[in-house]
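Coordinate analysis (summary)
Listed below, chain by chain, are the residues.
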2 protein chains.
Amino acid sequence: MPTTSDFERMLRAASLRVTRPRIAVLHAVHASPHADTDSILGAVRTDLGEVSHQAVYDVLRALTNAGLLRRIQPAGYVARYESRVGDNHHHVICRSCGVIADADCAVGHAPCLSASDSHGFVIDEAEVIYWGTCPDCTTTTTASS
Amino acid sequence: MPTTSDFERMLRAASLRVTRPRIAVLHAVHASPHADTDSILGAVRTDLGEVSHQAVYDVLRALTNAGLLRRIQPAGYVARYESRVGDNHHHVICRSCGVIADADCAVGHAPCLSASDSHGFVIDEAEVIYWGTCPDCTTTTTASS
DNA sequence: TCCCTTATCTTGAATGAGTCAAGTATTTTT
DNA sequence: AAAAATACTTGACTCATTCAAGATAAGGGA
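Described below are features of the structure shown in this document.

Calculation rules
Residues numbered from 1 in each chain as written. Chains lettered and ligands numbered in written order. Predicted model: local features only at pLDDT ≥ 70, side-chain atom pairs only at ≥ 80, totals over all residues. Heavy atoms only, no water. Near = heavy atom within 4 Å. Polar contact = N/O pair within 3.5 Å; in protein donor to acceptor, adjacent residues only side chain to side chain. Helix = DSSP H or I, 4+ residues; strand = E, 2+ residues; numbered from the N terminus. Nonpolar A, V, L, I, M, F, W, Y, C, P; charged D, E, K, R; others polar. Buried < 20%, exposed > 50% of the residue type's maximum accessible area, 1.4 Å probe, protein only. Contact = heavy atoms within 4.5 Å. Pairing = 2+ DSSP bridges. Axes fitted to C-alpha atoms, helices over the stretch in contact; angles between N-to-C directions. Parallel < 35°, antiparallel > 145°, perpendicular 65-115°, else oblique. Left-handed = near helix turned anticlockwise from the far one by under 90°.

**A word on the protein's contact with DNA strand D**
Residues in contact with DNA strand D amount to 22 residues; listed here are only the nearest, Thr19, Arg22, Ser52 and Ala55 of chain A together with Gln54 of chain B. Restricting the count to atoms of DNA strand D within 4 Å of the protein gives a sugar and phosphate share of 65%. Backbone polar atom of Ala79 of chain B to a phosphate oxygen of DNA strand D: 3.1 Å apart, as the coordinates give it. Elements with a minimum of two residues in the surface near DNA strand D: α2 (20-31) and α4 (53-65) of chain A together with α4 (53-65) of chain B. Broken down by element, the residue count for the surface near DNA strand D peaks at four residues, all from α4 of chain B. Its residues assigned to classes, the surface near DNA strand D shows nine nonpolar, six polar and seven charged.

What follows is the structure, encoded as structure tokens:
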């Protein structure tokens, strides 16, 4: 778990000003990966007291643009953020409860980056979402039958 | 391109009532794959005259649940619908103009379905979105420099 | 063919994540 | 320490989508 001064260094390295909301957002996302904006806002307020929701939206956008955070937005869900950036990992999402887990692609370093026919597109990212049922929900469903 | 009576058969096969809005929505989506709800509503109204937007939302949901349409909702975009269902094709999306093209996965029949560690999830679908730049946008950008 | 049941459509309001805009405060530079 | 630039606060607003209640139309049985 990075410390506050680690976060400071990360912000400066990205040419971003060091502010309390930004540090708090970084703390929050590192502490709970795949958190949505509202949870992050809650964590930031617990940490700092009153902070505007707009500030958190701004911070999340700035940090995402800077590459310090990654935004994921599965169909039907609100945006979520994670601190694991720079690799090409993917996500497994439970259709039942919405929980998200990380997944490295079986193919390895460049998963699925070559579509058989990319229609002349220049592809820069392959986003993979595995939809399924998490262990908890699988157990619950099975038990009730 | 399927005909109206093809659509009727498809609806009956899915135990859905045959109504004018449903036929019109099927026509619209078959005519322009990856259309969003608003475009579909426009096409339906051109076809039938006034139809409530709620009706189109209801129809799209019913047809999607019945497996006659597939809903795709890339991050940052509104929902879109396509009539190509039952295979496991994926999508290439232009970050610049938002245009969507179909893509079959290079791996073949079950693309990326095996994450290296699925954390105990029972996975039923692997959704792949290739992000990039379409030929038109690539040309425009290059030409302007 | 008519009627009944039920699914579907209409109308109109509401929800809620996210954005816009103008002004104030804070950080960084000089 | 002052200036310049960036970030935060406040409050209104957008817009895709959903909710709810009543009206209408489709399909099956008599």
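**As for unusual backbone geometry**
Glycine aside, a negative phi is what most residues show, and trans is what most peptide bonds show. Unusually for a residue other than glycine, Ser15 of chain A sits at a positive phi of about 60°. As for its placement among the helices and strands, Ser15 of chain A is situated in the loop between α1 (4-13) and α2.

**Section: the side chain of His30 of chain A**
Residues and elements named next belong to chain A. Checked against the element boundaries, His30 lands in helix α2. Residue His30 is classed as buried on the basis of its relative accessible area, which comes to 18%. Among residues more than four places away in sequence, those in contact with His30 are Met1, Pro2, Phe7, Met10 and Ser83.

**Quick notes on the protein's contact with DNA strand C**
Taken together, 21 residues form the shell around DNA strand C, and within it Gln54 of chain A together with Thr19, Arg22, Ser52 and Ala55 of chain B come nearest. Restricting attention to atoms of DNA strand C within 4 Å of the protein, one finds that 67% of them are sugar or phosphate atoms. Take Arg17 of chain B: an N or O atom from its side chain is 3.1 Å from a base oxygen of DNA strand C. Between DNA strand C and Thr19 of chain B there is a distance of 2.8 Å, counted from a phosphate oxygen to a side-chain nitrogen or oxygen. For the surface near DNA strand C, the elements supplying multiple residues, two or more each, are α4 of chain A together with α2 (20-31) and α4 of chain B.

**Describing the sheet that holds strand β6 (residues 122-133) of chain B**
Pairing within the open sheet is mixed, and its six strands lie in the order β5(A)-β4(A)-β6(A)-β6(B)-β4(B)-β5(B). Only two strands of the sheet have a single partner each, and these edge strands are β5 (100-103) of chain A together with β5 (100-103) of chain B. When strand polarity is set aside, the average angle formed by the axes of neighbouring strands in this sheet is 25°. Two strands pair when backbone bridges link them, and strand β4 (residues 90-94) of chain A and β5 of chain A are joined in this way by four bridges, in the antiparallel orientation. Within the sheet, the bridge partner assigned to Ile93 of chain A lies in β5 of chain A and is Ile100 of chain A.

**Focus: the pairing of β4 of chain A**
Residue and element names in this part refer to chain A. Most of β4 sits out of view: five of its five residues are buried. Of the strand pairs in this sheet, β4 and strand β6 (residues 122-133) are connected by four bridges, and their pairing is parallel. Its bridge partner being in β6, Cys94 is matched across the sheet by Gly132.

**Focus on the packing of α2 of chain A against helix α3 (residues 37-48) of chain A**
Residues and elements named next belong to chain A. The interhelical angle for the contact between α2 and α3, taken along N-to-C directions, is 120°, at an axis separation of 9 Å. Taken as axis vectors, α2 and α3 run oblique relative to one another. Our pair here, α2 against α3, has a crossing hand that is right-handed. The segment α2 lies against α3, with Arg20, Pro21, Ala24, Val25, Ala28 and Val29 engaging Ile40, Ala43, Val44, Asp47 and Leu48. A class-by-class count of the residues in the contact of α2 with α3 yields nine nonpolar, no polar and two charged.

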